[in-house]
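# Tertiary structure, described
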Amino acid sequence: MAHSLGSTPAPLADETRSLNRPALDSAEVWNAKVDLAACFRFAARLGMEEGICNHFSCVVPGYDDLFIVNPYGFAFSELTASHLLICDFEGNVISGEGTPEATAFFIHARMHLKVPRARAAFHTHMPYATALSMTEGDPLVFAGQTALKFYGRTKVDEHYNGLALDNAEGDRIASATGDADIIFMRNHGVMVLGRTIAEAWDDLYYLERACEVQCLALSTGRKLLPVVPEIAEAAARQMRAGDAESGRLHLESIKRTLDREEPAYRT
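Residues numbered from 1 in each chain as written. Predicted model: local features only at pLDDT ≥ 70, side-chain atom pairs only at ≥ 80, totals over all residues. Heavy atoms only, no water.

## As for the nonpolar core
Short version of the rule: What makes a nonpolar core is a set of buried Ala, Val, Leu, Ile, Met, Phe, Trp, Tyr and Cys residues whose side-chain atoms join them at distances within 4.5 Å. Residue exposure (1.4 Å probe, protein chains only): buried if accessible area is under 20% of the type maximum, exposed if over 50%, otherwise partly exposed. Going along the chain from the N terminus, every DSSP run of H or I of four or more residues is numbered as a helix, and every run of E of two or more is numbered as a strand.
Within the largest apolar cluster, 53 residues are counted, with the highest numbers of intra-cluster contacts made by Leu36, Phe56, Phe122, Leu140, Phe184, Ile197 and Leu207. If one sorts the elements of this core by residue count, helix 1 (residues 27-45) sits on top with 11 residues. If you look at the next biggest cluster of nonpolar residues, it comprises 12 residues, including Met111, Ala118, Met185 and Met191.

Structure (C-alpha coordinates):
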(Lines give C-alpha, C1' and ligand atoms only; values in the text may rest on other atoms or scores of the structure.)
Protein backbone atom coordinates (compact mmCIF):
# COMPACT_ATOMS: atom_id res chain seq x y z
CA MET A 1 0.00 0.00 0.00
CA ALA A 2 2.89 2.39 0.69
CA HIS A 3 4.65 4.02 -2.25
CA SER A 4 8.17 5.36 -2.65
CA LEU A 5 8.44 9.02 -3.60
CA GLY A 6 11.37 8.16 -5.88
CA SER A 7 15.08 8.74 -5.70
CA THR A 8 16.34 11.10 -3.05
CA PRO A 9 16.81 14.62 -4.43
CA ALA A 10 20.15 16.26 -3.74
CA PRO A 11 20.23 18.24 -0.48
CA LEU A 12 19.94 21.95 -1.02
CA ALA A 13 22.90 24.20 -0.26
CA ASP A 14 23.06 25.94 3.10
CA GLU A 15 22.39 29.30 1.46
CA THR A 16 18.71 28.31 1.23
CA ARG A 17 18.52 29.00 4.96
CA SER A 18 18.33 32.70 5.72
CA LEU A 19 20.61 33.85 8.50
CA ASN A 20 17.81 34.80 10.89
CA ARG A 21 16.48 31.23 11.07
CA PRO A 22 17.81 28.49 13.35
CA ALA A 23 20.26 25.95 12.05
CA LEU A 24 18.67 22.63 11.19
CA ASP A 25 20.92 20.95 13.76
CA SER A 26 19.88 23.36 16.55
CA ALA A 27 18.57 22.16 19.90
CA GLU A 28 15.13 23.54 19.05
CA VAL A 29 14.87 21.48 15.89
CA TRP A 30 16.29 18.38 17.58
CA ASN A 31 13.76 18.68 20.40
CA ALA A 32 10.94 18.78 17.86
CA LYS A 33 12.28 15.55 16.34
CA VAL A 34 12.43 13.95 19.79
CA ASP A 35 8.84 14.96 20.52
CA LEU A 36 7.66 13.62 17.17
CA ALA A 37 9.60 10.37 17.69
CA ALA A 38 7.88 9.95 21.06
CA CYS A 39 4.49 10.29 19.36
CA PHE A 40 5.39 7.65 16.78
CA ARG A 41 6.54 5.20 19.45
CA PHE A 42 3.49 5.66 21.67
CA ALA A 43 1.07 5.53 18.75
CA ALA A 44 2.60 2.15 17.89
CA ARG A 45 2.05 0.95 21.45
CA LEU A 46 -1.61 1.89 21.20
CA GLY A 47 -2.18 0.24 17.81
CA MET A 48 -2.73 3.53 16.03
CA GLU A 49 -0.42 2.81 13.10
CA GLU A 50 -0.86 0.60 10.05
CA GLY A 51 2.28 -1.09 8.78
CA ILE A 52 4.56 1.48 7.16
CA CYS A 53 1.70 3.50 5.67
CA ASN A 54 0.85 6.23 8.19
CA HIS A 55 2.66 9.48 8.84
CA PHE A 56 3.11 12.36 11.28
CA SER A 57 4.70 15.68 10.40
CA CYS A 58 5.43 19.09 11.87
CA VAL A 59 6.72 22.35 10.50
CA VAL A 60 10.38 22.89 11.42
CA PRO A 61 10.64 25.39 14.31
CA GLY A 62 11.65 28.76 12.94
CA TYR A 63 10.61 27.91 9.36
CA ASP A 64 7.43 28.09 7.32
CA ASP A 65 8.69 26.19 4.28
CA LEU A 66 10.22 23.01 5.75
CA PHE A 67 8.65 20.11 7.58
CA ILE A 68 9.76 17.06 9.57
CA VAL A 69 8.26 13.70 8.54
CA ASN A 70 8.95 9.99 8.92
CA PRO A 71 10.93 8.20 6.19
CA TYR A 72 9.50 5.56 3.89
CA GLY A 73 9.90 1.95 4.97
CA PHE A 74 9.87 2.20 8.77
CA ALA A 75 7.19 1.15 11.25
CA PHE A 76 6.30 3.68 13.94
CA SER A 77 7.85 1.42 16.58
CA GLU A 78 11.27 1.65 14.88
CA LEU A 79 11.53 5.39 14.57
CA THR A 80 14.01 7.55 16.43
CA ALA A 81 14.67 11.27 16.30
CA SER A 82 17.63 10.80 13.95
CA HIS A 83 15.53 8.78 11.49
CA LEU A 84 13.24 11.72 10.78
CA LEU A 85 13.59 13.74 7.60
CA ILE A 86 13.43 17.45 6.95
CA CYS A 87 11.83 18.17 3.57
CA ASP A 88 10.76 21.21 1.61
CA PHE A 89 7.46 21.58 -0.19
CA GLU A 90 8.98 20.58 -3.53
CA GLY A 91 10.02 17.12 -2.42
CA ASN A 92 13.67 17.82 -1.67
CA VAL A 93 15.11 16.08 1.38
CA ILE A 94 17.07 18.81 3.13
CA SER A 95 18.27 16.71 6.05
CA GLY A 96 18.24 12.99 6.81
CA GLU A 97 18.63 9.75 4.93
CA GLY A 98 15.92 8.29 2.72
CA THR A 99 12.72 9.79 1.33
CA PRO A 100 9.21 10.27 2.66
CA GLU A 101 6.53 7.84 1.55
CA ALA A 102 4.80 9.29 -1.51
CA THR A 103 1.37 9.89 0.02
CA ALA A 104 3.06 11.30 3.12
CA PHE A 105 4.73 13.94 0.97
CA PHE A 106 1.72 14.83 -1.15
CA ILE A 107 -0.66 15.02 1.82
CA HIS A 108 1.59 16.69 4.38
CA ALA A 109 3.50 19.11 2.16
CA ARG A 110 0.30 20.48 0.69
CA MET A 111 -1.45 20.59 4.07
CA HIS A 112 1.37 22.59 5.69
CA LEU A 113 1.58 24.86 2.63
CA LYS A 114 -2.15 25.47 2.18
CA VAL A 115 -3.18 25.42 5.86
CA PRO A 116 -0.40 27.34 7.66
CA ARG A 117 -2.08 27.02 11.07
CA ALA A 118 -1.41 23.26 10.82
CA ARG A 119 2.01 23.28 12.45
CA ALA A 120 1.58 19.56 13.16
CA ALA A 121 -0.36 17.07 11.03
CA PHE A 122 -0.95 13.47 12.14
CA HIS A 123 -2.52 11.03 9.67
CA THR A 124 -3.47 7.52 10.71
CA HIS A 125 -5.74 4.63 9.87
CA MET A 126 -6.31 4.02 13.59
CA PRO A 127 -9.05 1.41 13.92
CA TYR A 128 -11.99 3.05 15.65
CA ALA A 129 -11.77 6.45 13.94
CA THR A 130 -11.29 4.73 10.59
CA ALA A 131 -14.25 2.41 11.23
CA LEU A 132 -16.49 5.40 11.84
CA SER A 133 -15.20 7.09 8.67
CA MET A 134 -16.70 4.15 6.78
CA THR A 135 -20.23 4.52 8.16
CA GLU A 136 -23.10 6.68 6.94
CA GLY A 137 -23.76 10.00 8.59
CA ASP A 138 -21.42 12.02 10.78
CA PRO A 139 -18.64 9.77 12.09
CA LEU A 140 -18.46 11.23 15.60
CA VAL A 141 -21.60 11.57 17.71
CA PHE A 142 -21.23 13.95 20.65
CA ALA A 143 -22.68 11.56 23.19
CA GLY A 144 -19.71 11.07 25.53
CA GLN A 145 -17.63 13.57 27.46
CA THR A 146 -14.40 12.71 25.64
CA ALA A 147 -16.08 13.35 22.28
CA LEU A 148 -17.04 16.83 23.43
CA LYS A 149 -13.37 17.83 23.20
CA PHE A 150 -13.98 17.86 19.43
CA TYR A 151 -17.34 19.60 19.32
CA GLY A 152 -17.32 22.16 16.50
CA ARG A 153 -13.84 21.10 15.38
CA THR A 154 -14.53 18.23 12.96
CA LYS A 155 -15.15 17.94 9.25
CA VAL A 156 -15.66 15.05 6.87
CA ASP A 157 -13.84 14.83 3.54
CA GLU A 158 -16.65 13.04 1.75
CA HIS A 159 -14.83 12.35 -1.51
CA TYR A 160 -12.41 9.46 -1.32
CA ASN A 161 -10.36 9.73 -4.48
CA GLY A 162 -7.81 6.91 -4.26
CA LEU A 163 -4.21 7.32 -3.15
CA ALA A 164 -2.78 10.83 -2.79
CA LEU A 165 -0.01 10.54 -5.37
CA ASP A 166 0.10 14.08 -6.73
CA ASN A 167 -0.15 17.70 -5.63
CA ALA A 168 -3.71 17.98 -6.93
CA GLU A 169 -4.98 15.36 -4.48
CA GLY A 170 -2.99 16.90 -1.64
CA ASP A 171 -4.51 20.28 -2.49
CA ARG A 172 -7.99 18.77 -2.59
CA ILE A 173 -7.58 17.29 0.90
CA ALA A 174 -6.19 20.58 2.24
CA SER A 175 -9.09 22.49 0.69
CA ALA A 176 -11.61 20.08 2.23
CA THR A 177 -10.15 20.81 5.67
CA GLY A 178 -11.68 24.26 6.00
CA ASP A 179 -11.32 25.49 9.57
CA ALA A 180 -11.44 22.01 11.13
CA ASP A 181 -8.79 20.44 13.35
CA ILE A 182 -10.08 16.90 12.87
CA ILE A 183 -10.74 15.62 9.36
CA PHE A 184 -12.46 12.28 8.95
CA MET A 185 -11.35 11.09 5.52
CA ARG A 186 -14.26 9.04 4.19
CA ASN A 187 -13.33 5.39 3.46
CA HIS A 188 -9.74 6.13 4.44
CA GLY A 189 -8.74 7.32 7.91
CA VAL A 190 -8.32 10.51 9.89
CA MET A 191 -6.13 13.60 9.94
CA VAL A 192 -5.47 15.59 13.11
CA LEU A 193 -4.06 19.12 12.86
CA GLY A 194 -2.48 20.97 15.75
CA ARG A 195 -0.77 24.22 16.66
CA THR A 196 1.93 22.13 18.33
CA ILE A 197 3.11 18.53 18.34
CA ALA A 198 1.77 18.17 21.87
CA GLU A 199 -1.72 19.37 20.96
CA ALA A 200 -1.84 17.14 17.89
CA TRP A 201 -0.82 14.15 20.01
CA ASP A 202 -3.41 14.96 22.67
CA ASP A 203 -6.16 15.24 20.08
CA LEU A 204 -5.10 12.05 18.28
CA TYR A 205 -5.14 10.06 21.50
CA TYR A 206 -8.49 11.32 22.76
CA LEU A 207 -10.11 11.12 19.33
CA GLU A 208 -9.40 7.41 19.13
CA ARG A 209 -10.67 6.94 22.70
CA ALA A 210 -13.88 8.80 21.86
CA CYS A 211 -14.36 6.71 18.71
CA GLU A 212 -13.66 3.49 20.61
CA VAL A 213 -16.28 4.28 23.24
CA GLN A 214 -18.79 5.21 20.54
CA CYS A 215 -18.21 1.90 18.75
CA LEU A 216 -18.71 0.05 22.04
CA ALA A 217 -21.92 1.96 22.72
CA LEU A 218 -23.22 1.22 19.23
CA SER A 219 -22.44 -2.47 19.72
CA THR A 220 -25.11 -2.65 22.42
CA GLY A 221 -27.76 -2.03 19.75
CA ARG A 222 -29.21 0.78 21.85
CA LYS A 223 -29.76 4.31 20.61
CA LEU A 224 -27.02 6.84 21.38
CA LEU A 225 -28.05 9.82 23.48
CA PRO A 226 -26.16 12.93 22.30
CA VAL A 227 -25.47 15.76 24.71
CA VAL A 228 -27.71 18.73 23.99
CA PRO A 229 -25.89 21.30 21.81
CA GLU A 230 -25.78 24.10 24.40
CA ILE A 231 -24.11 21.86 26.99
CA ALA A 232 -21.85 20.28 24.39
CA GLU A 233 -20.64 23.71 23.26
CA ALA A 234 -20.07 24.89 26.82
CA ALA A 235 -18.14 21.74 27.74
CA ALA A 236 -16.03 22.08 24.59
CA ARG A 237 -15.11 25.63 25.59
CA GLN A 238 -14.11 24.40 29.04
CA MET A 239 -11.89 21.72 27.56
CA ARG A 240 -10.30 23.98 24.96
CA ALA A 241 -9.34 26.52 27.62
CA GLY A 242 -6.85 24.03 29.07
CA ASP A 243 -5.85 22.16 25.91
CA ALA A 244 -2.40 23.67 25.39
CA GLU A 245 -1.17 22.90 28.89
CA SER A 246 -2.94 19.54 29.05
CA GLY A 247 -1.39 18.54 25.72
CA ARG A 248 2.08 19.60 26.86
CA LEU A 249 1.79 17.58 30.07
CA HIS A 250 0.36 14.59 28.18
CA LEU A 251 3.35 14.58 25.82
CA GLU A 252 5.78 14.89 28.73
CA SER A 253 4.09 11.93 30.42
CA ILE A 254 4.55 9.63 27.42
CA LYS A 255 8.17 10.73 27.11
CA ARG A 256 8.79 9.78 30.75
CA THR A 257 7.30 6.35 30.05
CA LEU A 258 9.47 5.92 26.98
CA ASP A 259 12.54 7.16 28.84
CA ARG A 260 12.05 4.31 31.30
CA GLU A 261 11.12 1.59 28.82
CA GLU A 262 12.52 2.40 25.36
CA PRO A 263 14.80 5.45 25.54
CA ALA A 264 16.26 4.78 22.09
CA TYR A 265 13.53 7.00 20.61
CA ARG A 266 15.70 9.99 21.61
CA THR A 267 18.70 8.89 19.56
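## Focus: the pairing of strand 3 (residues 85-88)
This is how it is decided: Only when DSSP finds a minimum of two bridges between them are two strands counted as paired.
The alternating pattern of strand 3 places Leu85 and Cys87 and Ile86 and Asp88 on opposite faces, both of which are buried. Taken together, the four bridges between strand 2 (residues 66-69) and strand 3 define a ladder with antiparallel strand orientation. Residue pairing across strands places Leu66 opposite Asp88, the latter belonging to strand 3. Looking at chain direction, strand 3 and strand 4 (residues 93-95) are connected through two bridges and run antiparallel. Bridge pairing in strand 4 links Cys87 to Val93. What sits between strand 3 and strand 4 in their antiparallel hairpin is a turn of four residues, with Gly91 showing a positive phi close to 100°.

## A look at the packing of helix 6 (residues 197-219) against helix 8 (residues 243-261)
Stated formally: As a rule, the C-alpha atoms of each element are fitted with a line to give its axis, helices using only the stretch in contact, and angles between N-to-C directions run from 0 to 180 degrees. An angle below 35 degrees is read as roughly parallel, one above 145 as roughly antiparallel, one from 65 to 115 as roughly perpendicular, and any other as oblique. The criterion used for residue contact is that any of the two residues' heavy atoms lie within 4.5 Å. Under the scheme applied, nonpolar residues are Ala, Val, Leu, Ile, Met, Phe, Trp, Tyr, Cys and Pro; charged residues are Asp, Glu, Lys and Arg; polar residues are all the others, including Gly.
At a minimum axis separation of 8 Å, helix 6 and helix 8 run at an interaxial angle of 85°. Between helix 6 and helix 8, the crossing angle belongs to the class labelled roughly perpendicular. Within the contact between the two elements, helix 6 uses Ile197, Ala198, Glu199, Trp201, Asp202, Asp203, Tyr205 and Tyr206 and helix 8 uses Asp243, Ala244, Ser246, Gly247, Arg248, His250, Leu251 and Ile254. In terms of residue class, the contact of helix 6 with helix 8 is built from eight nonpolar, three polar and five charged.

## Let's talk about the sheet that holds strand 8 (residues 189-194)
Pairing in this open sheet of eight strands is mixed, and the strands run 4-3-2-1-5-8-7-6 from one edge to the other. Because the sheet does not close on itself, it has two edges, and the strands there are strand 4 and strand 6 (154-157). Averaged over neighbouring strand pairs, the angle between their axes works out to 25° when direction is ignored. Across four bridges, the pairing between strand 7 (residues 182-185) and strand 8 is antiparallel. Among the inter-strand pairings, Ile182 is bridged to a residue of strand 8, identified as Val192.

## Details of the pairing of strand 7
Every other side chain in a regular strand lies on the same face of the sheet, so the side chains alternate between the two faces. Condition: With the strands pointing away from the viewer, any crossover whose connection runs clockwise from the first strand over the helix to the second is right-handed.
Burial of strand 7 is two-sided: the residues Ile182 and Phe184 facing one way and the residues Ile183 and Met185 facing the other way are all buried. With four bridges joining them, strand 6 and strand 7 adopt parallel strand pairing. Bridging across to strand 7, Val156 finds its partner in Phe184. Regarding the hand of the β-α-β motif, the stretch spanning strand 6, helix 5 (residues 167-177) and strand 7 is right-handed. Once strand 7 ends, the chain turns through three residues before running back antiparallel as strand 8, passing Asn187 with a positive phi of about 65°.

## Quick word on the packing of helix 2 (residues 102-114) against helix 5
We count it as follows: For a crossing to be left-handed, the near helix must be turned anticlockwise from the far one by less than a right angle; the clockwise case is right-handed.
One can describe the packing of helix 2 onto helix 5 by two numbers: an axis separation of 8 Å at closest approach and a directional angle of 50°. With respect to helix 5, the axis of helix 2 lies oblique. The interaxial crossing formed by helix 2 with helix 5 has right-handed handedness. Taken together, the residues of helix 5 that come into contact with helix 2 (itself represented by Phe105, Phe106, Ile107, Arg110, Met111 and Lys114) are Asn167, Gly170, Asp171, Ile173, Ala174 and Thr177. Considered class by class, the residues forming the contact of helix 2 with helix 5 number six nonpolar, three polar and three charged.

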